[in-house]
Amino acid sequence: MLRDVLKQEIDRLNDNQLQRIAEFLYLVKSQTQYLAQTVPFWQQATPTERAQDFLAWVEQLPKTGVSLPDEAFDRGSIYE
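Each chain has its residues counted from 1, following the order in which its sequence is written. Local features in a predicted model are, by the rule used here, given only for residues with pLDDT of at least 70; side-chain atom pairs are given and counted only at 80 or more, and totals for whole chains, interfaces and linings are based on all residues. Here the side-chain values reflect all heavy atoms present in the structure, with hydrogen atoms and water set aside.

Enquirer: Would you mind showing me how to read the overall build of the protein here?
Expert: Working definition: helices are DSSP H or I runs of at least four residues, strands are E runs of at least two. Numbering for both runs from the N terminus. If you tally the helices and strands in the protein, you get three helices and zero strands. Computed over C-alpha atoms, the radius of gyration of the protein comes to 31 Å, more than 25% over the 12 Å expected from 2.2 N^0.38 for 80 residues, which places it beyond the range of a compact globule. Working definition: with a 1.4 Å probe on protein chains only, accessible area under 20% of the residue-type maximum means buried, over 50% means exposed, and in between means partly exposed. Counting only residues that meet the buried cut, the protein has 1% of its 80 residues in that class. Calculation of accessible area relied on Shrake-Rupley with a 1.4 Å probe; when residues are assessed, cover is drawn exclusively from the protein chains displayed. Only carbon and sulfur atoms are counted for the fraction: they give 60% of the accessible area of the protein, which is about 8000 Å². When charges are tallied, Lys and Arg are placed among the positive residues and Asp and Glu among the negative ones, while His and the ends of the chain are skipped. Lysine's charge is taken at NZ, arginine's at CZ, aspartate's at CG and glutamate's at CD. In the protein, 8 positive and 12 negative side-chain charges are present, and the distance between their average locations comes to 16 Å. Atoms counted for the radius of gyration: C-alpha only. Globule rule: 2.2 Å times the number of residues to the power 0.38.

Enquirer: Would you mind going over the pattern of salt bridges with me for this structure?
Expert: Any two side chains of opposite charge can pair if their charged atoms end up close together. The rule for a salt bridge is simple: a side-chain nitrogen of Lys or Arg has to be within 4 Å of a carboxyl oxygen of Asp or Glu. For the structure on display, the rule yields one salt bridge. We note a salt bridge from Glu59 to Lys63, for which the minimum N-O separation is 4.0 Å. A single burial state applies to Glu59 and to Lys63, both of which are exposed.

Enquirer: Would you mind going over a nonpolar patch on the surface with me for this structure?
Expert: A cluster of nonpolar side chains, Leu18, Ile21, Phe24, Leu25 and Val28, forms an exposed patch at the surface whose accessible area comes to about 500 Å². Position of Phe24 relative to the elements: it lies in helix 1 (residues 2-37). Patches here are clusters of residues that have more than 30% relative accessible area and form no salt bridge, with a 9 Å joining cutoff for like charges and a 5 Å cutoff for nonpolar side chains (Val, Leu, Ile, Met, Phe, Trp, Tyr).

Enquirer: Please clarify how the confidence of the model for the protein should be interpreted in this entry.
Expert: The predictor reports its confidence for every residue as pLDDT, a score running from 0 up to 100. On average, residues of the protein carry a pLDDT of 81, and 95% of them reach 70 or more. Of all helices and strands in the protein, the one with the weakest mean pLDDT is helix 1 (77), whereas helix 3 (residues 47-59) scores best (93).

Enquirer: Help me out: how do you make sense of the environment of Gln8 in this one?
Expert: Residue position: Gln8 is located in helix 1. The class for Gln8 is exposed, based on a relative accessible area of 57%. Separated by 37 residues in sequence, Gln8 and Ala45 place their C-alpha atoms 54 Å apart.

Enquirer: Honestly, the environment of Pro69 in this entry has me stumped. Any pointers?
Expert: Counting through the fold element by element, Pro69 comes out in the segment after helix 3. When the C-alpha positions of Pro69 and Leu2 are compared, they lie 95 Å apart, and in sequence the two are 67 residues distant.

Here it is in structure tokens:
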């Protein structure tokens, strides 16, 4: 009788531990999936993809035609 009770108790503990392990693994899996989704584009993209993304971003900038005067590109004027 005592042996059966102990066996049942051990089985119950094992089932409880297995359930807790399963819950832990589920949480770890969901966290890693969340982290994988939140990795910034520039960290996961290839150099070609980053270049294409940059060019697409530049294309959406306003095209005003305003440019800096030639003096702005003169290195000598920096020190004046």
